[in-house]
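Listed here are the chains, written in short residue letters.
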Amino acid sequence: MAGLPLAFTHPLLLAALALLPVIWWLLRLTPPAPRRQRFPPTFLLRRLESRARTPVHTPWWLLLLRCLIAALLIVALAGPVWNPQPLLGDRAGVLVVLDDGFETGRDFDVRRRTLLALAEQARAEGRALTVAATAPGRSGVRILAGPPAEVLAAARELAPQPWPADRAALARALADRRLGEVEVHWIASPWATDAADEAGALELARVLAAKGSLSVYLPGDAEPPLLLRALPEEGADLALAVERPRPGPARAVGLVAYGPGGEGIARSEARFPEGAASARAAFTLPLEVHNRLARVEIEGERTAAAVWLFDERWKRRVVGLWGGGPDAEAQPLLSELHYLQRALEPWAEVRRAPPDELVADPLSLLVLADVGRLDETTAARLRAWVEAGGVLLRFAGPRLAASGDADGLVPVPLRRGERVLGTAFSTEGPLRFAPFPAEGPFAGLAPDPEVRVYRQLLARPSPDLPQLTLATLEDGTPAVTGRRLGRGWLLLVHTAADPAWSDLPLSRLFIDLLRRVLALAPGAGSGGSGLFVADRVLDGYGRLQPAPADLLPVRLGEGTPRVGPGLPPGLWRPAGGDAEAPAVAVNLADAVSGLRPLDLAGFGTVRGMVREAQIPLAPWLLSAAFALALLDLLLALALRGLLGRTRPAATAVLPLALVFAAAPLRAQEPADEALVRLAAETRLAYVITGIPEVDRASEAGLRGLSLVLALRTSVEPGDPVGVDPARDELALFPLLYWPVPPEHPPLGPGTLQRVQAYLDHGGTILFDTGDGGRILPGAGPGPGEMRLQELFAGLDLPPMEPLPPDHALTRAFYLLREFPGRYAGFGLWVSRPEPGVNDGVSAVIVGYHDWAGAWAVDSLGEPLHPVVPGGERQRELARRFGVNLAMYALTGNYKTDQVHVPAILERLGQ
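An account of the accompanying structure is given in this report. (Residues numbered from 1 in each chain as written. Predicted model: local features only at pLDDT ≥ 70, side-chain atom pairs only at ≥ 80, totals over all residues. Heavy atoms only, no water.)

1. Comments concerning the overall build of the protein chain
Regarding its fold elements, the protein chain presents 27 helices and 39 strands. Counting only residues that meet the buried cut, the protein chain has 49% of its 910 residues in that class. For the protein chain, contacts bridging at least 24 residues in sequence account for 73% of all contacts bridging at least 6. (Helix = DSSP H or I, 4+ residues; strand = E, 2+ residues; numbered from the N terminus. Buried < 20%, exposed > 50% of the residue type's maximum accessible area, 1.4 Å probe, protein only. Contact = heavy atoms within 4.5 Å.)

Now the structure itself:
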């Protein structure tokens, strides 16, 4: 049946269809029960003429109906499946290997669907099932084995990991494992991070091929994953590179910068030229905005590699000042440090101390204003600091002119003495700055024609002087020189930092030059080393989540971090330190050099991923058989005269209309009857936002919550209902679930008034912004919350407050202390109850956890979405919160009233 959209898990049972003629014969051989008729008194007997006749055989149409019921049961037991996936082979066991490294987050839904299709078929056929994942866990290689049902349940919880796969380790583990006769299915990633990873993937392929027949599932011609990394700033405030595994066609990629509260700050674009494997993008931001950067993401990419996190090293610069001139406090206008501090304070944290003290602490930039020869100890410490990545900026002055380059901490050899311009004893007038070179740290700056230089420190001619000159005066002599020393910079401004030598300290150009130098300096807020504990970590989809409780501290600051299960990318804080201590950002791109294509076609049969889920038809066929059996019962009763004098044909129409035409009848019933029907049955309702994926998630979530309520409480809700608050009657629903994503459309005319009336008359609304998947706890209002404030600013509500510990919502059915949904870590807000109004019930509840996502189930009752970070325990807490919420909306504060029962009984006894 290859290529057909229908298959059977137990096809041999279809042979029972051959018994249908036997069933027909038996039913026809057995006559129906005779019709009974009560005789009237004897004097009326002579007038009685019975026209009814009992048939000898069962009517043919009733035989056909019963044969149809038998056929439906046989086909349902054969396990029909619509859109069947490729059937497994004839080997005894099944081994499924899943690539779930960081690059798989973008298409992991398809990978999971393929995995579950294979695992469900193995379970249905009673095969031995083993599932292995290539990305290691904190306990090492992950191999799921055991009863097929348990393995399938565990496989449902698999998710992409935010670190690279270790296929070599899995190959060693599987090589030593005895699996018997198996067929192998590898849901592979065609990308490797480096040569070692490529060798590990090829070794894994050889091991799998040796285990049994190998099928390799590849994603097809999808766009390759992208890798994002930030670059040292060169002119622009922030430069980033986007890399792809191989050259390809021209392509534009959007980048979005976010602040600490998840708010969008700026957008940029990286364009891949034709045949290029990398592209660059730049953000030009005011420093105040730049310092709020929390992360940059590639639009449309759902991987940890598409996110770059920023820490204090990118946000803040620490600048040290030291000079040999007059005291800045006693004579500020004569001190170089006064002008330097005023220029740098808006852009950096400025400290003043001797140089050896400044470099003892984290420091980005050290500015020495007219400091002459340094002693050997200080010079050695400064040299080591610069070689480690620091930036040393020196300004000329009388002291440096007298000492020259004796300490060696200047970028070019210097002449002794200064050059004097524009005096009665000089032949040259004051000089202006020449245009800045198109390449270099000062590219793009415009020279100020009002700035003139009166004195200058000259460099001795040397072959490399032009390459070391970063800015010149009009006559071509150096104004700023610089060179790299180790990982740092040595820079020299050939004039003084006060107005005695030039007009530069009095100009805007002075500030611009210092800002460009500051951009060369590394951040210093979190450059320490030692033990760090995880604060927030990225998941495999590139979302920041609370760190797992079992994640151990790690030592940072010693070379490139090895991102993995013990060190996931995210934000890490010093162990045992202040909770407000600056965090260190560990990015995946710090440890991954890039991606390269991987050729796996020669190791097995290459197949495509399962793009559409298979649909079991057995529940539908059994439901149809049950409905037809009910119809058969009604027809049999009608033939025996037990349904009155209704004709059989009319009797047959009634159950058909009830069973198969219920939906059309409901659609055509009058509006008043529809309201009566809705009012007669408790239903959960959600607000239709007009965003299809949000509305589908809300409907699936309330369907799952309705199932939980029916199983655990006396509430038996009907199917959830989507309502339009601008048109539909809201009073029929005690509880409304209202999702508020950032893209929620504006409310229609009159909607606020209808919502206000609903709340004033006892209704309850749960507003769910879903910000738990977008922002960090405590990071300020998220985009969904800000949209909520915009939409409902006109509502007249009591003040909102965090949920009190003794609120009835914490014990309406379950005793709860936390209220997670699909996400966790955020609080719950309720409107402050008004005494004597609506039984003191909070009419509005606001949260951020995407509860519908945690409640959502498919048509078989299986969860649709993973919950993070707590897994199924967190889902159970979300369901319990949903039960409490429904009971609270239905019963109000009855749990609170029970607190007063002892006092009431005592008063009655008196």
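2. Description of the pairing of strand β18 (residues 365–369)
Of all 5 residues in β18, 5 are buried; the element is thus mostly enclosed. Covered by surrounding structure in β18 are Leu365, Val367 and Ala369 together with Leu366 and Leu368, the residues of both alternating faces. Pairing between strand β16 (residues 318–323) and β18: 5 bridges, direction parallel. Its bridge partner lying in β18, Gly323 is registered against Ala369. Pairing of β18 with strand β19 (residues 391–395) involves 5 bridges; the strand directions are parallel. Opposite Leu365, over in β19, you have Val391 as the bridge partner. In this fold, the crossover linking β18 to β19 by way of helix α12 (residues 376–387) has right-handed handedness. (Pairing = 2+ DSSP bridges. Right-handed = clockwise from strand over helix to strand, strands pointing away.)

3. Thoughts on empty space enclosed by the protein
Tallying each qualifying case throughout the model produces 3 cavities of 30 Å³ or more. Estimates place the volume of the largest cavity at around 70 Å³. Leu393, Phe395, Phe442, Val480, Val493, Leu504, Phe510, Leu513, Leu514 and Val517 together form the lining of the largest cavity. Elements with a minimum of two residues in the lining of the largest cavity: β19 and α15 (508–520). Per-element accounting of the lining of the largest cavity gives the leading share, 4 residues, to α15. Class assignment for the residues of the lining of the largest cavity results in 10 nonpolar, no polar and no charged. (1 Å grid on protein atoms, 1.4 Å probe; cavity = no way out; pocket = protein on both sides within 12 Å on 5 of 7 lines; lining within 4 Å. Points joined across faces, edges and corners; volume = space filled by probe spheres on them. Nonpolar A, V, L, I, M, F, W, Y, C, P; charged D, E, K, R; others polar.)

4. Notes on unusual backbone geometry
Of note, the phi angle at Asp370 is positive, near 50°, even though the residue is not glycine. One can find Asp370 in the loop between β18 and α12. Accessibility expressed as a relative area gives 1% for Asp370, which makes it buried. The phi dihedral of Asp850 falls on the positive side, at around 55°, and the residue is not glycine. Note on placement: Asp850 falls in the loop between β39 (844–847) and α24 (851–855). Judged by its relative accessible area of 17%, Asp850 falls in the buried class.

5. Some remarks on the pattern of salt bridges
Within this structure, the stated rule accounts for 34 salt bridges. Its salt-bridge partner being Glu125, residue Arg127 comes within 3.2 Å of it at the nearest N-O pair. With relative accessibility at 38%, the residue Glu125 sits in the partly exposed group. Here Glu299 and Arg267 are joined by a salt bridge, their closest N and O atoms 2.6 Å apart. With a gap of 32 residues between them, Glu299 in the loop between β14 (295–298) and β15 (307–309) and Arg267 in strand β12 (residues 264–272) connect regions that are remote in the sequence. On the accessibility criterion, Arg267 (51% relative accessible area) is exposed. Taken together, the salt bridges that share partners define one network made up of Asp99, Arg167 and Asp197. (Salt bridge = Lys/Arg side-chain N within 4 Å of Asp/Glu carboxyl O.)

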